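Descriptive analysis of the structure
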Amino acid sequence: MPKQFWINLPVKDINKSKEFYSKVGFSVNEQHGKRDQAQLIIGDNNAAVMLFPESTFENFTRHVIVDTKQATEVLLSVDADSREEVDEMAKNAVEAGGTIYGEPSEIQGWMYGCGFTDLDGHRWNVLYMDMSKMPKE
């Protein structure tokens, strides 16, 4: 069985992406980063997101990178501890140069979330779930 899981993302500019994600609230693992890559650490389980220049990423995948202005390959989701944390992450994403594609709002009466795109158009979903209000089947 695999012991670790990480996500690889193509980016246009490693340094700008590191700055963006730091402002959003993710940790950048400086010990892992090289000039041509960076590692983000997200959440209590230390999920790893590797950032690579687009050319390096295309070499790995042997496939063309999706045009994020035209299509979405994946939706990256993270949880929040509160509605306020969702709002804060949305605000930070915009201040760091990202774009909101889904304004913070309530969903189904027990969730609260928003969606933003990073500098390269990758879509992120931030979600707070109030499990005490979750419908019981």
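Details of the structure are given in the entry above.
Let us look at the structure shown here. (Residues numbered from 1 in each chain as written. Predicted model: local features only at pLDDT ≥ 70, side-chain atom pairs only at ≥ 80, totals over all residues. Heavy atoms only, no water.)

1. Quick word on the nonpolar core
Ranked by size, the top nonpolar core spans 27 residues in total, and within it Tyr21, Phe26, Leu51, Phe116, Trp124 and Val126 carry the most contacts. Taken together, the elements giving at least two residues each to this core come down to strand S1 (6-11), helix H1 (14-24), strand S3 (38-42), strand S4 (47-53), strand S5 (75-79), helix H3 (83-95), strand S7 (111-117) and strand S8 (123-129). What Phe116 contacts, discounting residues up to four positions off in sequence, is Phe20, Val24, Met89, Ala93, Thr99, Ile100, Tyr101, His122, Arg123, Trp124 and Val126. (Core = buried A, V, L, I, M, F, W, Y, C linked by side-chain atoms within 4.5 Å. Buried < 20%, exposed > 50% of the residue type's maximum accessible area, 1.4 Å probe, protein only. Helix = DSSP H or I, 4+ residues; strand = E, 2+ residues; numbered from the N terminus. Contact = heavy atoms within 4.5 Å.)

2. What about H3?
The end-to-end C-alpha distance of H3 is 18 Å, a good match for the 18 Å that 13 residues give at a rise of 1.5 Å each. Inspection of H3 places Val86, Met89, Ala90, Asn92 and Ala93 among the buried residues, and these make up the whole buried set. Down the axis of H3, the buried set is contained in an arc of 165 degrees. They therefore lie on one face. In H3, those exposed residues whose orientation departs by more than 90 degrees from the buried face are Glu84 and Glu95. For H3, the elements touching its buried residues are H1, S5, strand S6 (99-107), S7 and S8. Downstream of H3 by one or two residues, Gly97 has phi in the positive range, about 110 degrees. (Expected span 1.5 Å × (residues − 1). Arc of directions from axis to C-beta.)

3. Some thoughts on the sheet that holds S7
What links the strands of a sheet is backbone hydrogen bonding, and the strands pair in either a parallel or an antiparallel sense. The strand order across the open sheet formed by four strands is S5-S8-S7-S6, and the pairing between neighbours is mixed. The open sheet terminates on both sides in strands that have one partner only, identified here as S5 and S6. Strand after strand, the sheet turns through a mean of 15 degrees between neighbouring axes, direction not considered. In the packing of H3 onto the sheet, contacts are made with S5, S6, S7 and S8, and the angle to S7 comes to roughly 10 degrees. (Pairing = 2+ DSSP bridges. Axes fitted to C-alpha atoms, helices over the stretch in contact; angles between N-to-C directions.)

4. Some points on the pattern of salt bridges
Once the charged atoms of two side chains with opposite charge are near each other, the side chains can pair. This model, assessed by the stated rule, comprises five salt bridges. Note that Lys23 and Glu19 form a salt bridge whose closest N and O atoms lie 3.1 Å from each other. You can see Lys23 and its partner Glu19 sitting in helix H1, four residues apart, about one turn around the helix. Among the salt bridges present, the one from Glu106 reaches Arg83, with a minimum N-O distance of 2.5 Å. Here the residue Glu106 occupies a position in strand S6, and Arg83 occupies one in helix H3, the gap between them amounting to 23 residues. Counted as one network, the salt bridges with shared partners bring together Glu88, Lys91 and Glu95. (Salt bridge = Lys/Arg side-chain N within 4 Å of Asp/Glu carboxyl O.)

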